[in-house]
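# Structural overview for review
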Amino acid sequence: MKKGHVYTLLFMLLISAVLTFALAAAYEGFKPAIRKNAALQEQRAVLYALGLDTGLKDAEVEAFYKDSIREGELNGVPVLVYGQGGPQAYAVPFEGSALWGALRGYLGVSAPLDQITGVVFTYQNETPGLGGRINEEVYKEQFRGLPITPDTVLSYGEGLDAVTGATQTSAAVLRTLNKALRESIFPGEAK
Amino acid sequence: MAVEKPRAIIRRTLLTDNQVLRAILGICSSLAVTNTMKNSLVMGLGLSFVTGLSSLTLSALRSVIPHRVRMLVQTLVISAYVIFVDLLLKAYLPDISKQLGPYVGLIITNCIIMGRAEAYAQSNPPIPAMIDGLFAGLGYTGVLLIISLIREILGFGTVFGMKVAFEGFVPWTIMIMPPAAFFIIGSIIWAISARQAKQAAKQAR
C-alpha cells in the first residue's frame, strides 16, 4: 500500500479540514448550553465570594443573582455590588498570573471595607492535586472574615496556611490578592 | 484473515482479553478516576464511545490512509472524538465535566484506543472494528466500576453517592487516594492470571 508524498500530504490536509470543520460545527451547536453553564458558574462564584453561598439550586441561582446583585463601581473599578438600599458587600474581580497560567476570580469585601467576605477562583490552570487545591474549601474558607485595613498585606502564617507542595501557586494567590487590595480596594491610600 | 463473529469479539474484549486486566492498558485513568462510581461510569462510557467510533472511522478509511502516517491519522481522529465528548460533557453534565477535569482530555492518551486502532481496526472491516472498540471500552468500564465500587464503599461509605455504610463507619482515607486503586487492580489482575494459568494447565494435561 505504498502511496506518494503528494497523496499523503493531500490526505492529511483533507482529513484535518474535515475533522476541524465537524468539530467547529459541533461547538456551534453546543455553544448556548456551554455558555449558560459558564454563566451559572460565574454567578455561583460571585455569590460565594460575597459570602452568600446558601446552597441554592441551579434554577434559583439565576433569579437570586438577578434580584440581589447589580453592577457598580468601587473607586472607579467596575465591581459587583450586593445589597438592597445601600451596598453591603462588593465582589471585586482580580486577575494575575500563577505558576502555570492566568489566575482569575473574585475577592469579596464588606461594604465598610473592613473585612474579606470570601475569595473564589473562576479560572486557574495549576497542577491538579497540588496547586489546583487552591480551589478546595479548606483553602478558600481561610480568607472568609479576615479583617482588612488600607495597610493590610496578606501573608501566610497565623490563621492563613499555604497549600503544601504548591509554594509557587500559594505565593501567586497572595500576590494577586494583595494587588487587588492595593489597586482596586484601597487605591491612592498611603502605604 | 476470517472475520470474527460479533459474539466472539464481545466475549474476547469483555473477558478473556480485557484491556485493563489482560493487556494492562489504560491503567493511568483507572487509578485516577475510580474514587467514585459516577466518575468511573462517565469516564468509561466516554472512552467506549470514543474507542467505538474511532475504530469504526479508522477501519472505514483503512484502505485510503497512507501507511506511513497512519498513527498521525489515528491520533487526529481520536482527538476529534474526544473533543466532541468534552463539549458534550461541558454542555450537559457540567458538574461531572468539572470533576473529571483534565482526565477527559487525557482520554486521547488512553492506550486502549490507539491499541485497538493498531491491533484491530486497521486490518478488519468497520462493523466488527466498531464492536471491538466499543466492547473493549465497556470491558474497561466494567473493571473501573468494580474498582470504584470497592473504593467508594470503603472510602466514602456510599454507592453512586447514596449512603450505604452503617452509623459510626470510619471511611478509609487511603481508598480515596490513587494508591488504593493500585492495590485493588493488582489484586484483581493476580486473581485472574492465577485462574487463567490454572485453566491453561488443565487444558494442557
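About the thresholds
- Residues numbered from 1 in each chain as written.
- Chains lettered and ligands numbered in written order.
- Predicted model: local features only at pLDDT ≥ 70, side-chain atom pairs only at ≥ 80, totals over all residues.
- Helix = DSSP H or I, 4+ residues; strand = E, 2+ residues; numbered from the N terminus.
- Rg over C-alpha atoms; globule rule 2.2 N^0.38 Å.
- Buried ≥ 20, exposed ≤ 12 C-beta atoms within 10 Å, placed from the backbone.
- Contact = placed C-beta atoms within 7 Å.
- Pairing = 2+ DSSP bridges.
- Axes fitted to C-alpha atoms, helices over the stretch in contact; angles between N-to-C directions.
- Expected span 1.5 Å × (residues − 1).
- Nonpolar A, V, L, I, M, F, W, Y, C, P; charged D, E, K, R; others polar.
- pLDDT = per-residue confidence, 0-100.

## Brief notes about the overall build of chain B
Scanning chain B from terminus to terminus reveals 10 helices and 2 strands. Counting helices and strands in the order they occur from the N terminus, chain B gives α-α-α-α-α-α-α-α-β-β-α-α. Taking 205 residues into account, the globule formula puts the C-alpha radius of gyration at 17 Å, and chain B, at 18 Å, falls close to it. Over its C-alpha atoms, taken along the principal directions, chain B stretches across nearly 60 × 55 × 25 Å. When burial is assessed residue by residue, chain B has 41% of its 205 residues classed as buried.

## Describing the overall build of chain A
Across its full length, chain A holds 4 helices and 5 strands. Ordered by position from N to C terminus, the α and β elements of chain A give α-α-β-β-β-β-β-α-α. In terms of overall dimensions, chain A has C-alpha extents of about 75 × 40 × 30 Å along its principal axes. Burial status across chain A gives 25% buried among its 191 residues. In chain A, once contacts between residues fewer than 6 apart in sequence are set aside, the share between residues at least 24 apart is 54%.

## Structural notes on the environment of Arg22 of chain B
Residues and elements named next belong to chain B. Secondary-structure assignment places Arg22 in the loop between helix H1 (6-16) and helix H2 (27-32). Look at Arg22 and you get partly exposed, because 16 C-beta atoms sit within 10 Å. For the pair formed by Arg22 and Ile192, sequence separation is 170 residues and the distance between their alpha carbons is 8.5 Å.

## Some words on the pairing of strand S2 (residues 77-82) of chain A
Residue and element names in this part refer to chain A. As paired elements, strand S1 (residues 69-74) and S2 share 6 bridges and run antiparallel to each other. Pairing of Ile69 across the sheet is with Tyr82, part of S2. Taking the residues between adjacent antiparallel strands as the criterion, S1 and S2 are bridged by 2 residues, where Asn75 takes a positive phi near 55°. As consecutive antiparallel partners, S2 and strand S3 (residues 89-97) are separated by 6 residues, and within that stretch Gly83 has a phi angle of approximately 130°, a positive value.

## Brief notes about the sheet that holds strand S4 (residues 102-110) of chain A
Residue and element names in this part refer to chain A. Ordered in space as S1-S2-S3-S4-S5, the 5 strands form an open sheet in which the pairing is antiparallel. Each edge of the open sheet carries a strand with a single partner, namely S1 and strand S5 (116-123). Pairwise comparison of adjacent strand axes, ignoring direction, gives a mean angle of 30° for this sheet. Note: S4 against S5, 6 bridges, orientation antiparallel. Bridged to Gly105 within S5 is Phe121. This element, helix H1 (residues 5-49), spans S1, S2, S3, S4 and S5 of the sheet and lies at about 155° to S5.

## Remarks on helix H8 (residues 126-156) of chain B
Over its 31 residues, H8 of chain B extends 42 Å from the first C-alpha to the last, a length consistent with the 45 Å expected when each residue adds 1.5 Å. Following H8 of chain B by one or two positions, Gly157 of chain B has its phi on the positive side, about 75°.

## A look at the interface of chain B and chain A
Counting from both sides, the interface comprises 19 residues of chain B and, opposite them, 18 residues of chain A. Considering every element that reaches the side of chain B that touches chain A, the biggest residue donor is helix H4 (residues 70-92) of chain B, with 11 residues. Along the lines of polarity and charge, the residues of the side of chain B that touches chain A split into 15 nonpolar, 2 polar and 2 charged.

## As for the confidence of the model for chain A
Mean pLDDT over chain A: 88, with 97% of residues reaching 70 or higher. Mean pLDDT across the elements of chain A bottoms out in helix H2 (residues 58-68) of chain A (82) and peaks in S4 of chain A (93).

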